[in-house]
Amino acid sequence: MTAERGARMKRVLIVSQHFPPERSGNASRIYDTAQHLAKLGLGVTVVAPHPTFPTGTFPRVWKPSERTTVDGIEVLRLWGWQPNVRDPGFVSRMLYYLVFPLHVLLRLIFTAGRYDAVITSTPPLFTGIPGYVAKRLLGRRWILDIRDLWIDASISLGFVREGSLYERMSRRFEQMCLAHADLVGVTTTELGRRIASQYRVAAPMELMPNGVNTEFFYPVSAEKKRQIIYAGNVGHAQDLEKVALAVKAMNGKYNLKFLIVGDGDIRGQLEQMVRTEDMTDWVLFPGVVPREEIPKLLSESLVGIAPLKKMANLEYAAPTKAYEYMACGIPFVGCGAGEIAHLARDSGAGLIADNTPESIALALATLIDDPAMMESMGQKGREYVQKKYDRRTVARKLKQHIERMAWTSA
């Protein structure tokens, strides 16, 4: 390696289906990671489609590409299919998932030499297409960032039929990716264990948790309101119906409001259920709010809600929203086994309830009836994420991997 090569700024390309102004957990995760890497001295380019998620909430854009700079990050928007309804059908979803990574691949064929490493963030699974080609044909180092078991979750939620040709082809492609990536990042230990049990993983596997930006999410000085809050994707994996029914059962005594902040595939179904159950005075849908307002909304709430549905294929998940609640100094009530239960136990900042309105109501009442316990759990949560899950720490670890790869390939 020459001195000139060693001194050159290392450049990384991050391929993500989601990026702000989208409000998903992964959009903020990719933004924070890219920003921290840029501050640490790397040249960072994020390639993403035009804003789309939640589907049906952004206007369609027909520009082939658009390049901007955001907080030191070069952002390249490439055209992809944008579904125009909230809960698109299978064909529209597949176009959304496939057109964008294929467009990235075409660009990368001519520009791969600019980058020392390529990071692809999945799900969706198909963002791995440009990473695989960059590694196998273009000689780039490849970090495969895996946030969940997308195929398993799709089967559990009824989007994909087990044993179908689509499932078999998807699993074959996932195995190809895991066999050729230079590094596999996983968000939780349980996710890594499950991947290793299902696939042959040739590369080192590193824990790269979702984490939280503790400088952005912090306890805001605000008067507490009689409300609990869910802030995130209003999707199929969350058991929000049970939480709404729990609040309904409690409101003879507690006079709580339940804020569901965000948007997603099932928001319309939830709103219909709330009207049917005559809960419109208690369950409120502020929709998508500016990210800058979220810390205050969390801080003035009594409890944050992280209700994963009872599915074995979701037990590896530790929702980003739980870290955000903790960073803002409020306790959380979660549903689900696995990582969310480990997080509640290890941090001392959460209670885990069964997926029933009765159990959720009991957990909420336990907290609300003991303000001192709520305050103590909130403090423990803030200290815990500052120590273990700050995104600056995760980015520093990732930078070390990128630089080591760049030096090895030089």
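Just so it is clear, the structure is predicted and the values come from calculations on it, not from any experiment.

The rules we used
- Sequence order as written defines residue numbering, which begins from 1 separately in each chain.
- Only residues with pLDDT of at least 70 are given local features in this predicted model, and only at 80 or more are side-chain atom pairs given and counted; all residues enter the totals for whole chains, interfaces and linings.
- Heavy atoms from the whole structure form the basis of all side-chain values; hydrogens and water molecules are not counted.
- Each helix is a run of DSSP H or I of at least 4 residues and each strand a run of E of at least 2, with the numbering of both proceeding from the N terminus.
- The contact criterion used is simple: two residues touch if any of their non-hydrogen atoms lie within 4.5 Å.
- Here the open area of atoms and residues is found with the Shrake-Rupley method and a 1.4 Å probe, where only the protein chains shown may cover a residue.
- Note on charges: Lys and Arg go in the positive column, Asp and Glu in the negative column, and His and the chain ends are not counted at all.
- A charged residue contributes its charge at one atom only: NZ of Lys, CZ of Arg, CG of Asp or CD of Glu.
- Between buried and exposed lies partly exposed: a residue is buried under 20% and exposed over 50% of the maximum accessible area for its type, with that area taken using a 1.4 Å probe on protein chains only.
- Any Lys or Arg side-chain nitrogen found within 4 Å of a carboxyl oxygen on Asp or Glu counts as a salt bridge.
- We define a polar contact as two N or O atoms separated by no more than 3.5 Å, with the added condition that, inside protein, one atom must be a possible hydrogen donor and the other a possible acceptor, whereas residues neighbouring each other in sequence contribute only through side-chain atom pairs.
- Pairing between two strands is assigned when DSSP locates at least 2 bridges connecting them.
- Lines fitted to C-alpha atoms define the axes here, with helix axes fitted over just the stretch in contact, and angles between the N-to-C directions of these axes take values from 0 to 180 degrees.
- To form a nonpolar core, buried Ala, Val, Leu, Ile, Met, Phe, Trp, Tyr and Cys residues must be joined to one another through side-chain atoms within 4.5 Å.
- By definition in this entry, angles of less than 35 degrees are roughly parallel, angles greater than 145 are roughly antiparallel, angles of 65 to 115 are roughly perpendicular, and the rest are oblique.
- Under the convention adopted here, Pro, Cys and the residues Ala, Val, Leu, Ile, Met, Phe, Trp and Tyr are nonpolar, Asp, Glu, Lys and Arg are charged, and Gly plus all remaining residues are polar.

Comments concerning the overall build of the protein
Move 1: Scanning the protein from N- to C-terminus turns up 15 helices and 14 strands.
Move 2: Dimensions of the protein along its principal axes, counting C-alpha atoms only, are 70 × 45 × 40 Å.
Move 3: Restricting the contact set of the protein to residue pairs at least 6 apart, pairs at least 24 apart contribute 74%.
Move 4: In the structure as shown, the protein presents an accessible area of about 17,200 Å², 54% of it carried by carbon and sulfur atoms.
Move 5: For the protein, the distance from the average site of its 52 positive side-chain charges to the average site of its 42 negative ones is 7 Å.

Here's the deal with the side chain of Arg382
Move 1: Among the structural elements, Arg382 can be located in helix H14 (residues 371–388).
Move 2: Salt bridges are absent for the buried Arg382, whose nearest opposite-charge side chain, Asp390, sits at 7.0 Å.
Move 3: Within polar-contact distance, the side chain of Arg382 engages the backbone oxygen of Thr214 at 3.2 Å.
Move 4: If we skip the residues at most four places from it in the chain, Arg382 touches Thr214, Phe217, Tyr218, Pro219, Met326 and Ala327.

Here's the deal with the sheet that holds strand S10 (residues 257–261)
In a beta sheet, neighbouring strands are held together by backbone hydrogen bonds and run either parallel or antiparallel to one another.
Move 1: The parallel open sheet is built from six strands, whose spatial order is S11-S10-S9-S12-S13-S14. The sheet is open, and its two borders are formed by strand S11 (283–287) and strand S14 (350–353), each paired with just one other strand. The sheet shows a mean angle of 25° between the axes of neighbouring strands, taken without regard to direction.
Move 2: Pairing analysis gives four bridges linking strand S12 (residues 303–307) to strand S13 (residues 332–335), with the strands arranged parallel. Its bridge partner being in S13, Gly304 is matched across the sheet by Phe332.

Quick notes on the nonpolar core
Move 1: Counting 62 residues, the largest nonpolar core has Ile228, Phe258, Ile260, Leu298, Val303, Ile305 and Leu364 as the members making the most contacts within it.
Move 2: If one sorts the elements of this core by residue count, helix H13 (residues 357–368) sits on top with seven residues.
Move 3: Contact partners of Ile260, with chain neighbours within four places excluded, come to Tyr230, Val234, Leu240, Leu270, Val283, Leu284, Phe285, Pro286 and Gly287.
Move 4: Counting 34 residues, the second-largest nonpolar core is a separate cluster that includes Ile129, Val133, Ile146 and Trp150.

Comments concerning the sheet that holds strand S3 (residues 65–70)
Move 1: Strand order in the open sheet formed by eight strands is S3-S4-S2-S1-S5-S6-S7-S8, and the pairing between neighbours is mixed. The open sheet terminates on both sides in strands that have one partner only, identified here as S3 and strand S8 (205–207). Across this sheet, the average inter-strand angle for adjacent strands is 20°, counted without regard to direction.
Move 2: Judged from the three bridges that link them, strand S7 (residues 183–186) and S8 form a sheet pairing that is parallel. In the strand pairing of S8, Val184 is matched with Met205.
Move 3: Here helix H2 (residues 25–39) sits on the sheet in contact with strand S1 (11–15), strand S2 (43–49), S3, strand S4 (73–78), strand S5 (117–122) and strand S6 (141–146), set at roughly 160° to S2.

Brief notes about the packing of H13 against H14
Move 1: Where H13 contacts H14, the two axes come as close as 6 Å, and the packing angle between them is 95°. The pairing of H13 with H14 is recorded here as roughly perpendicular in orientation. Taking contact as the criterion, the partners of Thr366, Leu367 and Ile368 in H13 are, on H14, Pro371, Met373, Met374 and Met377.
Move 2: Across the contact of H13 with H14, the residue classes tally to six nonpolar, one polar and no charged.

Considering the pattern of salt bridges
Oppositely charged side chains may form a pair once their charged atoms are brought near each other.
Move 1: In this structure the tally under the stated criterion is 27 salt bridges.
Move 2: Asp263 serves as the salt-bridge partner of Arg267, at 3.8 Å between the closest nitrogen and oxygen.
Move 3: The exposure class assigned to Asp263 is buried, which follows from its relative accessible area of 5%.
Move 4: In this structure, the salt-bridge partner of Glu403 is Lys399, at a minimum N-O distance of 3.0 Å. Here Lys399 and Glu403 lie together in helix H15 (residues 391–409), a separation of four residues that amounts to about one turn. With respect to class, Glu403 is no different from Lys399; both count as buried.
Move 5: Residues participating in the shared-partner salt-bridge network are Arg86, Asp263, Arg267 and Glu271.

Examining helix H11 (residues 320–327)
Move 1: The element H11 is extensively covered by neighbouring structure, given that eight of its eight residues are classed as buried.
Move 2: Taken as a whole, H11 has its buried residues at Thr320, Lys321, Ala322, Tyr323, Glu324, Tyr325, Met326 and Ala327.

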